[in-house]
Amino acid sequence: TAPELIRNFCIIAHIDHGKSTLADRMLQITGVVEPRAMRAQYLDRMDIERERGITIKSQAVRMPWEVDGRAYALNMIDTPGHVDFTYEVSRSLAACEGTLLLVDAAQGIEAQTLANLYLALENDLTIIPVLNKIDLPAAQPEKYAEELAGLIGCEPEDCLRVSGKTGEGVEAVLDRIVAETPHPVGDADAPARAMIFDSVYDTYRGVVTYVRVVDGKLAPREKIEMLSTGATHELLEIGVSSPEPTPSKGLGVGEVGYLITGVKDVRQSRVGDTVTNAKKPATQALGGYRDPKPMVFSGLFPIDGSDYPALRDALDKLKLNDAALVYEPETSAALGFGFRCGFLGLLHLEIVRERLEREFGLDLISTAPSVVYQVTMEDRSEFEVTNPSEYPAGKIREVREPIVRTTVLTPSEYVGAVMELCQSKRGQMKGMDYLSEDRVELRYTMPLAEIVFDFFDQLKSKTKGYASLDYENDGEQAADLVKVDILLHGDPVDAFSAIVHRDKAYAYGVMMAGKLKDLIPRQQFEVPIQAAIGSRIIARETIRAMRKDVLSKCYGGDISRKRKLLEKQKEGKKRMKMVGSVEVPQEAFIAALSSD
Ligand code: GTP
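Residues numbered from 1 in each chain as written. Predicted model: local features only at pLDDT ≥ 70, side-chain atom pairs only at ≥ 80, totals over all residues. Heavy atoms only, no water.

- An unreviewed UniProt entry lists the protein chain under the name Elongation factor 4, with Brevibacterium rongguiense as the source organism.
- Its UniProt record, at the heading Catalytic activity (unreviewed entry), says of the protein chain: "GTP + H2O = GDP + phosphate + H(+)".
- Looking at the Subcellular location (unreviewed entry) heading of the UniProt record, one finds this comment for the protein chain: "Cell membrane". (UniProt positions renumbered as here; feature names shortened; annotations may be inferred.)

1. Comments concerning the pattern of salt bridges
Close approach of charged atoms lets side chains of opposite charge pair.
So, point 1. Applying the stated criterion across every chain yields a total of 27 salt bridges.
So, point 2. A salt bridge links Lys143 to Asp438, with the nearest nitrogen and oxygen atoms 3.3 Å apart. Of the two residues, Lys143 is situated in helix H5 (residues 141-152) and Asp438 in the loop between strand S22 (428-436) and strand S23 (439-447); the sequence distance between them amounts to 295 residues.
So, point 3. Look at Asp438 and you get partly exposed, because its relative accessible area is 35%.
So, point 4. With a shortest N-O distance of 3.4 Å, Arg405 and Glu472 are connected by a salt bridge. Taken together, the residues span a long stretch of sequence, with Arg405 in strand S21 (residues 396-411) and Glu472 in strand S24 (residues 468-478) at a distance of 67 residues.
So, point 5. Look at Glu472 and you get partly exposed, because its relative accessible area is 41%.
So, point 6. Salt bridges here are not isolated pairs; linked through shared partners, they connect Glu401, Arg426, Glu450 and Lys504. (Salt bridge = Lys/Arg side-chain N within 4 Å of Asp/Glu carboxyl O. Helix = DSSP H or I, 4+ residues; strand = E, 2+ residues; numbered from the N terminus. Buried < 20%, exposed > 50% of the residue type's maximum accessible area, 1.4 Å probe, protein only.)

2. Comments concerning the UniProt feature "binding site: GTP" (unreviewed entry) in the protein chain
So, point 1. Sequence positions flagged by UniProt for "binding site: GTP" (unreviewed entry) are, in local numbering, Asp16, His17, Gly18, Lys19, Ser20, Thr21, Asn132, Lys133, Ile134 and Asp135.
So, point 2. Every residue in contact with Gly18, bar those within four places of it in the chain, is listed here: Leu102, Asn132 and Lys133.
So, point 3. In this structure, Lys133 is in contact with Asp16, His17, Gly18, Asp104, Ala139, Val162 and Ser163, ignoring residues within four places of it in sequence. (Contact = heavy atoms within 4.5 Å.)

3. Quick notes on the packing of aromatic side chains
So, point 1. For the structure shown, the criterion picks out 4 aromatic pairs.
So, point 2. Judged by centre distance (5.8 Å) and plane angle (50°), the rings of Tyr308 and Phe337 are tilted. With Tyr308 in helix H7 (residues 308-321) and Phe337 in strand S17 (residues 336-343), this pair connects stretches of sequence that are 29 residues apart.
So, point 3. By relative accessible area, which is 53% here, Phe337 ends up exposed. (Phe/Tyr/Trp six-rings, centres within 6.5 Å; stacked < 30°, edge-to-face > 60°.)

4. Brief notes about the nonpolar core
Across soluble globular proteins, nonpolar side chains show a tendency to be buried alongside one another.
So, point 1. Ranked by internal contacts, the top residues of the largest apolar core, which has 47 residues, are Leu356, Tyr373, Phe455 and Leu459.
So, point 2. Setting aside chain neighbours within four positions, we find Leu356 in contact with Leu300, Leu311, Ala314, Leu315, Leu318, Gly361, Leu362 and Leu364.
So, point 3. Listed in part, the 36 residues of the second largest apolar core include Cys10, Ile12, Leu117 and Val214. (Core = buried A, V, L, I, M, F, W, Y, C linked by side-chain atoms within 4.5 Å.)

5. Side note on the packing of helix H11 (residues 502-519) against helix H13 (residues 586-593)
So, point 1. At a minimum axis distance of 10 Å, the contact between H11 and H13 shows a crossing angle of 150°. By the angle between their directions, the pair H11 and H13 is classed as roughly antiparallel. For the pair H11 and H13, the sense of crossing is right-handed. Counted together, Met512, Lys515, Leu516 and Leu519 of H11 and Ala588, Ala591 and Ala592 of H13 form the full contact between these two elements. (Axes fitted to C-alpha atoms, helices over the stretch in contact; angles between N-to-C directions. Parallel < 35°, antiparallel > 145°, perpendicular 65-115°, else oblique. Left-handed = near helix turned anticlockwise from the far one by under 90°.)

6. Brief notes about the pairing of strand S19 (residues 373-377)
So, point 1. With 4 of 5 residues buried, S19 lies mostly within the body of the structure.
So, point 2. In this structure, S19 lies alongside strand S20 (residues 382-385), joined through 4 bridges in antiparallel fashion. Residue pairing in the sheet places Val375 in a bridge with Phe383 of S20.
So, point 3. With antiparallel pairing between neighbouring strands as the criterion, S19 and S20 make up a hairpin whose turn holds 4 residues, including Arg380 at a positive phi of roughly 75°.
So, point 4. With 4 bridges joining them, S19 and S21 adopt antiparallel strand pairing. Bridging from a neighbouring strand, Gln374 pairs with Arg400 of S21. (Pairing = 2+ DSSP bridges.)

7. Remarks on the sheet that holds strand S5 (residues 126-132)
So, point 1. With respect to topology, 6 strands assemble into an open sheet ordered S2-S3-S1-S4-S5-S6, the strand pairing being mixed. At either margin of the open sheet sits one strand with a lone partner, and together these are strand S2 (60-67) and strand S6 (160-161).
So, point 2. When strand S1 (residues 6-13) meets strand S4 (residues 98-104), the two strands line up parallel, connected through 5 bridges. Bridge pairing in S4 links Ile11 to Leu100.

8. As for empty space enclosed by the protein
So, point 1. The full count for this structure, using the stated rule, is 2 cavities of 30 Å³ or more.
So, point 2. The calculated volume of the largest cavity comes to roughly 40 Å³.
So, point 3. As for the largest cavity, its lining consists of Ala60, Val61, Arg62, Asn75, Tyr210, Val240, Ser241, Val256 and Gly257.
So, point 4. Those elements giving two or more residues to the lining of the largest cavity turn out to be S2, strand S11 (237-241) and strand S13 (256-260).
So, point 5. Sorting elements by how many residues they give to the lining of the largest cavity places S2 first, with 3 residues.
So, point 6. In the lining of the largest cavity, the residues fall into 5 nonpolar, 3 polar and 1 charged.
So, point 7. Every residue along the wall of the second largest cavity is listed here: Thr209, Met226, His233, Leu259, Thr261, Val263, Gln268 and Ser269.
So, point 8. Within the lining of the second largest cavity, the residues separate by chemical class into 3 nonpolar, 5 polar and no charged. (1 Å grid on protein atoms, 1.4 Å probe; cavity = no way out; pocket = protein on both sides within 12 Å on 5 of 7 lines; lining within 4 Å. Points joined across faces, edges and corners; volume = space filled by probe spheres on them. Nonpolar A, V, L, I, M, F, W, Y, C, P; charged D, E, K, R; others polar.)

9. Topic: the environment of Pro411
So, point 1. Among the structural elements, Pro411 can be located in strand S21.
So, point 2. Excluding its chain neighbours within four sequence positions, the residues that come into contact with Pro411 are Asp438, Arg439, Tyr466 and Ala467.

10. Focus: a nonpolar patch on the surface
So, point 1. On the surface, Met429, Met432 and Tyr434 cluster together to form a nonpolar patch covering roughly 280 Å² of accessible area.
So, point 2. Assignment of secondary structure puts Tyr434 in strand S22. (Patch = residues over 30% accessible without salt bridge, like charges linked within 9 Å, V, L, I, M, F, W, Y side chains within 5 Å. Areas by Shrake-Rupley, 256 points an atom, 1.4 Å probe, with all protein chains shown as cover.)

11. What about the sheet that holds strand S10 (residues 232-234)?
So, point 1. In space, the 8 strands of this open sheet follow the order S10-S9-S14-S7-S8-S13-S11-S12, with antiparallel pairing throughout. Each of the sheet's edge strands pairs with one partner strand only, and the pair in question is S10 and strand S12 (245-247). On average, each strand axis in the sheet is tilted by 40° relative to the strand beside it, whichever way the strands run.
So, point 2. Here strand S7 (residues 193-202) runs beside strand S14 (residues 274-277); their pairing, made up of 2 bridges, is antiparallel. Note on S14: the bridge partner recorded for Met195 is Thr274.

12. Considering helix H4 (residues 111-122)
So, point 1. Relative to the 16 Å expected for 12 residues at 1.5 Å per residue, H4 spans 17 Å between its end C-alpha atoms, a close match to the ideal helical length.
So, point 2. Counted residue by residue, H4 has 9 buried out of 12 residues, so it is predominantly covered.
So, point 3. Turning to H4, its buried residues number three or more, namely Ala111, Gln112, Thr113, Leu114, Ala115, Asn116, Leu117, Leu119 and Ala120.
So, point 4. Backbone geometry just downstream of H4 places Asp124 in the positive-phi region, at approximately 60°. (Expected span 1.5 Å × (residues − 1).)

Below, the structure written as structure tokens:
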């Protein structure tokens, strides 16, 4: 297809504003999916995506659309909506010339609408404002058209009004894309350059890489090269998804499609990297490539220790599909053998954990999530700490923690409550704007560690669910942090150690000691539970002793009954773990580590 007849666009929206539903409708109206084959959220292929109703992996589909007798090819690139996947969103945007800015007409602009809009503006995309869900009785398209127009600087009449559910107004959206989105421009004779905006692992075909060709042409049977690593592969197949994969003779300037090389691991085919022709390679990579950097770490341990090899296999398999997942073996005195895993954010952690449990049938305990701390010692040596148990005992000069730029959008009545919450989480206010009379944007910088715990839940509960949140990395800053250990009968329990701000150390210690007191049954002797910073005890609880002699009930007498009771007691012990001299039931670990 000639570049003049191609339009590459994506849809950006806050979570649940109806992106997938609108995409489904477009597939239907352009005839690429027959009504018979249609199923809800056609593009969200993974079961877990469909169940949670969220899009994790972006995909591209080619749709034919005719305007004034000219046949155009519209490439729609679906983008994930959640903060953890911002990098994938930004790559998807870089593959497009235009975007639909989709806003729920009953909700208005939300934090991720804004965050994604800023990304789109950075990429110089043409923005087409669309109000969705106009079929809802609660929709207020007039009100939100004003809001949207004010935000992007257009007239309220320029905002399209559609319903992804009924299909109303969707054809007008396709016409607008053709009319307003610039066609791709590139050098057809230059060495090939294509940007990878997604790659997924397919059990039968290996890694399927989605690319947007910028210059030149890629054809089957060629040798291609990944510019960031110099790795070369043979191009076994190249084609377009419409939406089922359809092989083609090659992809030229501006075209969007997939390629298959037989590679088995998505990390060989990384989002943001540039693909070129190995015989005639381009020298300049397309901008923007960045290694996915894990931000949140957590230990994953099988509840049944014998599942450890199964957990390792499962992680190896997941990794094929998830370039951002990192892990290494970890041993915990309390929890046994497991893995220290790094994630892009909390949602990423939750998804990985859920997939491990669901797809691989594993029962797991995950330890409290931790961010990455940069520690400088008095002797100027430096290292990264992602696990509280690695926190150094020696003289520390400085600890730096990651901070994020946070945007909260809230109805104006909750501004006070949101400010209070942000301040309690060590937030520093950077600005506040009224998007309309009753909707406010608050900007804070905040330590990532504070957001990682329960910020989002608290934000939701303090605003009756109306506030929305987005954040992006903003470097790191020095902080007064300490490691709090929890000691059981004098022995530290590694799984409960945490790195916290000095002001919050006491509260953490009291909370953990209190929880454990209720969770650990009485032992034959008195067990102190202590929270400590170094050798200084900051909180203490005591589990009183109890002599639990099952045999005292049946003095002498029936020997078989005695044996039965002993057997029973032994069974009960199986699910116990010894921590030093204390028996702790497995459930106590799980309960103490679950955040509530
Ligand atoms: P993510 O993929 O998680 O970002 O969500 P999404 O933006 O793709 O939203 P999705 O299409 O899954 O829609 C979210 C919810 O809104 C679903 O329950 C849809 O049925 C509903 N919905 C989407 N479009 C419309 C619409 O035009 N009208 C009405 N009434 N409901 C809609």
